[in-house]
Amino acid sequence: MNAFRTLHRSILILFAVVVISIVTLVHFTASKIVAEQSRAQQQSISPAISLIIEQLLKPLHISQTLAEAKELKDLMKDKNIDENAMFSMLKRIENEFGMAFFIASESSRMQYNSNGTKLALIENKVDWYFRYKAAPNDAIADIGQWQDPHFYIDLKVYDEDGNFLGFFGISKSLDSFVDIFAQYKRVYGYDFIFVDQDNNIALSSDPNLIVEETTFKTLESLDWYKSLDIDKLPDGSLNNLLVKASGVDALIAEVKVEPFGWTMYLLTPLQARQTEISRSFIISIVTLLVIIFALFMLIYHLLYYFKQDMQKNFQTDPLTRLPNRNKVELRYAEMLDKGIEVGLVLIDIDHFKTVNDTHGHNAGDNVLRQISHMLSNQLREGDVVGRWGGEEFVLLLPDTTPEQAYDVAQKLRENMSNMTASTGSLALQVTASFGVSHTDTHRPLTEVVGYADDALYQAKRDGRNIVRMQLPK
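As the structure is a computational prediction, the values presented were derived from the model and not from experiment.

Caption draft 1: Main features of the overall build of the chain. Counting secondary structure elements, the chain contains 13 helices and 18 strands. The 473 residues of the chain split such that 49% are buried. Nonlocal contacts in the chain, meaning residues at least 24 apart in sequence, comprise 59% of its contacts between residues at least 6 apart. Summed over all atoms, the accessible surface of the chain reaches about 23200 Å², with 50% contributed by carbon and sulfur.

Caption draft 2: Representation of the environment of Ile140. Position of Ile140 relative to the elements: it lies in strand S4 (residues 139-144). Sequence separation between Ile140 and Phe260 is 120 residues; the distance between their C-alpha atoms is 6.2 Å. Each residue touching Ile140, except ones within four places of it in the same chain, is listed here: Tyr132, Ala135, Tyr152, Ile153 and Asp154.

Caption draft 3: Structural context of the side chain of Asp154. Structurally, the position occupied by Asp154 is in strand S5 (residues 150-158). Buried and unpaired, Asp154 has no salt bridge, with Arg131 as the nearest side chain of opposite charge at 8.3 Å. Contact partners of Asp154, with chain neighbours within four places excluded, come to Phe102, Trp128, Tyr132, Asp138, Ala139, Ile140, Asp142, Phe167 and Phe168.

Caption draft 4: Main features of the confidence of the model for the chain. Per-chain confidence: the chain averages 81 in pLDDT, with 78% of residues scoring 70 or above. Residue range residues 34-43 is modelled with pLDDT below 50. Its contacts to residues more than four positions away, or to other chains, number 21 contacts.

Caption draft 5: Main features of the packing of helix H10 (residues 352-359) against helix H11 (residues 361-378). Viewed as axis vectors pointing N to C, H10 and H11 meet at an angle of 140 degrees, and their least axial separation amounts to 6 Å. Between H10 and H11, the angle falls in the class oblique. Of H11, the residues touching H10 (which contributes Phe352, Val355, Asn356 and His359) are His361, Ala363, Gly364, Val367 and Leu368. For the contact of H10 with H11, the class distribution of residues is five nonpolar, four polar and no charged.

Caption draft 6: Geometry of the sheet that holds strand S17 (residues 432-439). Taken together, five strands build an open sheet; the order of strands is S13-S14-S12-S17-S18 and the sheet is mixed. Looking along the sheet, the strands with just one partner apiece sit at the ends: strand S13 (384-389) and strand S18 (467-469). Pairwise comparison of adjacent strand axes, ignoring direction, gives a mean angle of 20 degrees for this sheet. Both S13 and strand S14 (residues 392-398) contribute to a ladder of five bridges, which runs antiparallel. Across the sheet, residue Val384 finds its bridge partner in S14, namely Leu396. Against the sheet, helix H13 (residues 445-461) contacts strand S12 (342-349), S13, S14, S17 and S18, and its axis sits at roughly 145 degrees relative to S17.

Caption draft 7: Just the packing of aromatic side chains, in detail. Following the criterion strictly, the structure yields 16 aromatic pairs and no others. Centre to centre, the rings of Phe101 and Phe168 are 5.8 Å apart; their planes meet at 20 degrees, and the pair counts as stacked. A residue pair is termed long-range when its members are at least 10 positions apart, and Phe101 in strand S1 (residues 100-105) and Phe168 in strand S6 (residues 164-173) qualify at 67 residues. Summarising the burial analysis for this pair, Phe101 and Phe168 share the class buried.

Caption draft 8: Up close: the nonpolar core. Core analysis: the biggest nonpolar cluster contains 47 residues, and Phe101, Phe151, Phe168, Phe194, Leu203, Phe260 and Trp262 have the highest contact counts within it. Leave out the neighbours within four places in its chain, and Phe260 touches Leu56, Leu60, Ala141, Phe151, Ile153 and Gln197. In this structure, Val367, Ala409, Leu412 and Val467 belong to the second largest nonpolar core, which totals 29 residues.

Caption draft 9: Local environment of the sheet that holds strand S8 (residues 201-204). On the basis of which strands lie adjacent, the open sheet formed by five strands has the order S8-S7-S11-S10-S9 and antiparallel pairing. Because the sheet does not close on itself, it has two edges, and the strands there are S8 and strand S9 (242-245). Across the sheet, the mean angle from the axis of one strand to that of its neighbour is 35 degrees, orientation sign disregarded. Where strand S10 (residues 248-257) lies against strand S11 (residues 262-269), eight bridges are found, and the strand directions are antiparallel. Considered in S11, the bridge of Glu254 is made with Tyr265.

Quick notes on the rules
- Residues numbered from 1 in each chain as written.
- Predicted model: local features only at pLDDT ≥ 70, side-chain atom pairs only at ≥ 80, totals over all residues.
- Heavy atoms only, no water.
- Helix = DSSP H or I, 4+ residues; strand = E, 2+ residues; numbered from the N terminus.
- Buried < 20%, exposed > 50% of the residue type's maximum accessible area, 1.4 Å probe, protein only.
- Contact = heavy atoms within 4.5 Å.
- Areas by Shrake-Rupley, 256 points an atom, 1.4 Å probe, with all protein chains shown as cover.
- Lys, Arg positive; Asp, Glu negative; His and termini not counted.
- Salt bridge = Lys/Arg side-chain N within 4 Å of Asp/Glu carboxyl O.
- pLDDT = per-residue confidence, 0-100.
- Axes fitted to C-alpha atoms, helices over the stretch in contact; angles between N-to-C directions.
- Parallel < 35°, antiparallel > 145°, perpendicular 65-115°, else oblique.
- Nonpolar A, V, L, I, M, F, W, Y, C, P; charged D, E, K, R; others polar.
- Pairing = 2+ DSSP bridges.
- Phe/Tyr/Trp six-rings, centres within 6.5 Å; stacked < 30°, edge-to-face > 60°.
- Core = buried A, V, L, I, M, F, W, Y, C linked by side-chain atoms within 4.5 Å.

Rendered as structure tokens:
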């Protein structure tokens, strides 16, 4: 969860920088038009963009990052779902991020919610799961649960082989959006309408337009929309149109919310003198909106790369700071793609359970950190040392023959048997058993590790503190 906390803090800082940047841009651009209009635009458009980021994109990016977590995928791909572990993880991340999460499992055909409830995913009864499973999109936003309508972000989850594991996502009550939009409208006087791909009104600052039970209102049902000649509009865009909504003249700004395929319409009420604004002034306002939206899309892509960078935390063992199994698998694949031979060494610390049982787990952790430091310092540039699990380490030795890999293992075995590891209060002599294997063809890592594992167990049977090698036939 340390990685999640770091991600959470970093996202909040980045969003703060984004909001400040947008406010600054609005101020300096609009001030060149009319100082009086500058303040109005700064007070309305900036909160509109920050509202999209805070209420829609922030939950999307958080859920996208969490959906890549190994803990989540391991739970979802297990044929026998551990419901207690599932609910425990959901509750933990709900407390961490202050949002309601859910998992819809393909394995068990059940939906698990962070409030501790679950729902059977039965075809022809729970329509969304089977409809979105068949859809090409991997990220879907929708409105569902008709007794108490919620906004959902549904993300498809796949295992490392591309097999569909189900959905993971976030749900937010529509009542929370109504309250936020109502507050915004009281302060700024602007109306929002969010429309999905089918022109259904998904979210709005007008509570009368929010979906009721299973009935969506559509954009075409609105009086001001009916008055437009859509066929005569360039590209069907409503940008920069003046319409009469609820008896008041209003200027429309249209913004695409690309991650969901939605469109946001911002209706700006115009006072009597505002209706007389020249065409050039209206174009300047629209240009300002385009600049802000361009900045918004730039930030969206920056956040995507930020998410990719944060995923590196899920490839590092938190105790030793060595690459974990996932990272080792990636590096092995890279070496094979280059067509080079690879030596592989499995290392298992002898009698490590005795260290933990006798001196405690903190002492055992100190020993593991010192051994990982020694291994890292003894290897060549380009070699990879990772933590394979528990007291096991793995070495990848590119451009190395079987004999060379065996010699490296012997040298490491001698260095380890001669080193003194500190538990924090006393010194211990530590040894390890080594299993060596090798490949010069495209073999799965599991196959090469299997041979090294057999060699490792032979070393243990032969008395430990020994190197043994077994090569693929």
